[in-house]
Amino acid sequence: MKKIELKTEIGYTTPEAITVRGENLAQDLLGKMDFVDMMMFTIFGKRPSQNEKTMINHILVTACDHGLTPSAMSARLTYLGAPEAPQAAVAAGLLGAGSVFLGTTQNCAEMLGGAAADLDEDADDDAFLACARRVIQSSREKKQFVYGLGHPIHIDGDPRVPTLRRLSQELGYFSKHWKLMEAVQKALLLDRQKKLPMNAVGAVGSIICDMKLDPMIARGLMLVGRAGGLVAHLYEEKNNPVGQKIWDVVLAQDERNIAPQR
């Protein structure tokens, strides 16, 4: 039988050492890198610049927690059923990171990256507005959301966006994708009288594109950041549980639905 060789460039382990991206974990990395350094080094095979590292840190902070979101409730309800398996509860919270919640940063980055591929960074406002209108029309034809706009709670503006905008400018990651996202917001207001302020998804999607990173990294960072927040929810659930109350709401709704009509 032919020997099957499985290989990864990320790392390997021998009885003597653990090697990550060609460097000895214990001797070269441990004690010399923080987590963001190590994460970026592992993903890309190179150490991040200080500005890259700082920007990624800000994105992770943005993603960490937003309260009792679907991901947090999923984690808490899983913990309610299987308190012996907190890893399953964290996984449950992350599995719902899709095109509606949490994972939309990737969708937004793909939207912006594709639309702005041939757009010059120094283009005038009219060029950005024309490109924005094509984005909106394309989304309508595909019957999908225009990613990165609107919020069910922050109807007058997502408070994270101005801060992320300022940080992007300070760190050198404010370019054509940010401008296009702002133009999409403007086009909807001008053409359809829809006031849909940019949300954190639009900001993070713009940042990822202006950092020239793969859109998948946008979703990956949201998952990494949210994992920390979910651990916080599980710790609170252990000490001050609300999972049973969430389940009780569902049970009460079921009872109303099957109650006899009078």
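In this numbering scheme, every chain counts its residues from 1 along its sequence in written order. In view of the model being predicted, local features appear only for residues whose pLDDT reaches at least 70, and side-chain atom pairs are presented and counted only at 80 or more, with totals across whole chains, interfaces and linings using the full set of residues. Just so you know, side-chain values use all the structure's heavy atoms and leave hydrogens and water out.

**Remarks on the overall build of the chain**
- A count of helical and extended segments in the chain gives 12 helices and 3 strands.
- Across its three principal axes, the chain shows a C-alpha extent of roughly 70 × 65 × 45 Å.
- The buried label goes to any residue with under 20% of its type's maximum accessible area, the exposed label to any with over 50%, and the partly exposed label to all in between, with areas taken from a 1.4 Å probe on protein chains only. Taking all 262 residues of the chain together, the buried fraction comes to 39%.
- Contacts in the chain between residues at least 24 apart in sequence constitute 70% of all its contacts with a sequence separation of at least 6.
- For every accessible area listed, the method is Shrake-Rupley and the probe measures 1.4 Å; residues are considered covered only by the protein chains on display. A total accessible area of about 15,600 Å² is found for the chain, and carbon and sulfur atoms account for 57% of it.
- Where the 30 positive side-chain charges of the chain centre and where its 31 negative ones centre are 3 Å apart. What counts as a helix is a DSSP run of H or I of at least four residues, what counts as a strand is a run of E of at least two, and both are numbered from the N terminus. The contact definition used throughout considers only heavy atoms, calling two residues in contact when any of these lie within 4.5 Å. Residues scored as charged are limited to Lys and Arg (positive) and Asp and Glu (negative), so that His and the chain ends carry no count. Just so you know, the charge point we use is NZ for Lys, CZ for Arg, CG for Asp and CD for Glu.

**Quick look at unusual backbone geometry**
- Here the phi dihedral of K143 falls at roughly 55°; this positive angle occurs in a residue that is not glycine.
- Residue classification places K143 among the exposed positions, given a relative accessible area of 78%.
- Of note in this structure, Q193 is not a glycine but carries a positive phi near 55°.

**Details of the sheet that holds strand β1 (residues 11-13)**
- By definition, two strands form a pair when at least two bridges between them are found by DSSP. The sheet built from 3 strands is open, its strands ordered β1-β2-β3 with antiparallel pairing. The strands lining the two open edges of the sheet, one partner per strand, are β1 and β3 (23-24).
- In terms of strand pairing, β1 meets strand β2 (residues 18-20) through 3 bridges, oriented antiparallel. Among the inter-strand pairings, T13 is bridged to a residue of β2, identified as I18.

**Observations regarding the domain arrangement of the chain**
- Here the limits of each domain have been adopted from an automatic or database domain assignment. Partitioning the chain into domains gives domain 1 (1-48) and domain 2 (103-213).
- Look at where the C-alpha atoms of domain 1 and domain 2 centre, and you get two points 36 Å apart.

**Quick look at the packing of aromatic side chains**
- A pair of Phe, Tyr and Trp rings is counted when the ring centres sit within 6.5 Å of each other, with Trp represented by its six-membered ring. The angle between the planes then sorts it: under 30 degrees is stacked, over 60 is edge-to-face, the rest tilted. Applying the stated criterion to the full structure yields 1 aromatic pair.
- For the pair F174 and W178, a centre-to-centre distance of 5.4 Å together with 25° between the ring planes defines the contact as stacked.
- Take F174: its relative accessible area is 21%, and that puts it in the partly exposed class.
- When the NZ atom of lysine or the CZ atom of arginine is within 6 Å of a ring's centre and also within 35 degrees of its normal, the charge is said to sit over that ring. Between the NZ or CZ atom of R47 and the centre of the ring of F41, over which it lies, the distance is 5.1 Å.

**Here we look at the environment of N57**
- Assignment of secondary structure puts N57 in helix α3 (residues 50-63).
- Looking at N57, the relative accessible area reads 30%, which means it is partly exposed.
- Between the C-alpha atom of N57 and that of G22, which follows or precedes it by 35 residues, the distance is 25 Å.

**Some details on helix α11 (residues 215-239)**
- In a helix, the anticipated span is given by 1.5 Å times the number of residues less one. With 25 residues, α11 ought to run about 36 Å at 1.5 Å a step, and its terminal C-alpha atoms sit 37 Å apart, in line with that.
- Taken together, the buried positions of α11 are occupied by I217, A218, L221, M222, G225, R226, G229, L230, H233, L234 and E237.
- Polar contact is the term for a pair of N or O atoms within 3.5 Å; when the atoms are in protein, one must be able to donate a hydrogen and the other to accept it, and sequence-neighboring residues count only if both atoms are side-chain atoms. The distance from a side-chain oxygen at the start of α11 to the backbone nitrogen of M216 is 2.8 Å, and the residue carrying that oxygen is D214.

**Examining the pattern of salt bridges**
- For this document, the term salt bridge refers to a Lys or Arg side-chain nitrogen within 4 Å of an Asp or Glu carboxyl oxygen. Tallied over the entire structure, the rule returns 11 salt bridges.
- With a closest N to O distance of 2.6 Å, D34 and K53 form a salt bridge. Of this pair, D34 sits in the loop between α1 (25-29) and α2 (35-44) while K53 sits in helix α3, placing them 19 residues apart in sequence.
- Judged by relative accessible area, which is 14%, K53 ranks as buried.
- One salt bridge in this structure joins E52 and K46, with 3.9 Å as the shortest N-O distance.
- For K46, a relative accessible area of 46% puts it in the partly exposed group.
- Salt bridges sharing common partners tie together D34, D37 and K53.

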